[in-house]
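Descriptive analysis of the structure
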Amino acid sequence: MQEKKVLICCANGLATSTFIAMKCKNKFKELGINAAVTTCTSLEVKSKAQRLKPDLIISNVGKTINVPEGIPVVYGVNLRSGKDADKTWEEILACLKTE
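One finds V6, I8, C24, F28, I58 and I92 to be the most contacted residues of the largest nonpolar core, which totals 16 residues. Mapped by element, the contributors of at least two residues to this core are β1 (4-10), α1 (15-31), β3 (56-59) and α4 (85-96). Leave out the neighbours within four places in its chain, and V6 touches F28, A36, V37, T38, L56, I58 and L96. Residues L7, C9, C40 and V67 belong to the second largest nonpolar core, which totals 10 residues.

Rendered as structure tokens:
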């Protein structure tokens, strides 16, 4: 399976994005999804996305972040709180499905 690239951003690129990254790595491993997960701040998300060309961006600062066109953005705050996390996982997994 081709490796997927996931970029996770939060306001400071530290605690929240790292916490969500660990949740994603565990979930992807459980589901057999080969994915490289990278974290960043909301200020550097556009430049990192241009360089890394991720398949998906998970944002903890909203869906209206400035990213290159064509890269899907999922609002991941529910992964932190756990409330309605299943819906968020469905959205993430739909973005990562391979043809």
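The phi angle at K53 is positive, at roughly 50°, despite the residue not being glycine. Take K53: it is sitting in the loop between α2 (45-52) and β3. Phi at D84 takes a positive value of approximately 60°, unusual for a residue other than glycine. Inspection of the secondary structure puts D84 in the loop between α3 (77-81) and α4. What makes D84 partly exposed here is its relative accessible area of 39%.

Bringing the sheet that holds β3 into the picture now. Strand order in the open sheet formed by four strands is β2-β1-β3-β4, with parallel pairing between adjacent strands. Because the sheet does not close on itself, it has two edges, and the strands there are β2 (35-41) and β4 (73-75). Neighbour-to-neighbour, the strand axes of the sheet open up by a mean angle of 25°, direction not taken into account. Running over the sheet, α4 touches β1, β3 and β4 and is turned about 170° from β4.

Turning our attention to α4. The end-to-end C-alpha distance of α4 is 17 Å, a good match for the 16 Å that 12 residues give at a rise of 1.5 Å each. Buried within α4 we find A85, T88, W89, I92 and L96. Down the axis of α4, the buried side of the element spans an arc of 100°, and every buried residue falls inside it. Exposed positions of α4 whose direction lies more than 90 degrees from the buried face are D86, K87 and E90. Tucked into the core, α4 has its buried residues touching β1, α1, β3, β4 and α3.

So, about the environment of V77. For V77, the position within the fold is in helix α3. Residue classification places V77 among the buried residues on the basis of a relative accessible area of 17%. Residues V77 and E3 lie 74 residues apart in sequence; the distance between their C-alpha atoms is 24 Å. With sequence-adjacent residues up to four places away left out, V77 is seen in contact with S59 and N60.

Rules used in this analysis
Counting starts from 1 at the beginning of each chain's written sequence and moves along it residue by residue. Predicted model: local features are reported for residues with pLDDT of at least 70 only, side-chain atom pairs are reported and counted for 80 or more only, and whole-chain, interface and lining totals are derived from all residues. Water and hydrogen atoms were dropped before computing side-chain values, which therefore reflect all heavy atoms in the structure. Nonpolar cores were defined as sets of buried Ala, Val, Leu, Ile, Met, Phe, Trp, Tyr and Cys residues, with membership established by side-chain atoms within 4.5 Å. Relative accessibility thresholds used throughout: buried, under 20% of the residue-type maximum; exposed, over 50%; partly exposed, between the two (1.4 Å probe, protein chains only). Secondary structure elements are taken from DSSP: a helix is a run of H or I of four residues or more, a strand is a run of E of two residues or more, and numbering for both begins at the N terminus. Contacts: residue pairs with any heavy atoms within 4.5 Å of one another. A strand pair is defined by DSSP finding two or more bridges across the two strands. Inter-axis angles, ranging from 0 to 180 degrees, are taken between N-to-C directions of lines fitted to C-alpha atoms, where helices are fitted over the stretch in contact. Expected helix span is taken as 1.5 Å per residue step, with the number of steps being one fewer than the number of residues. Picture the helix axis, draw a direction to every C-beta atom, and the arc is the one those directions span.

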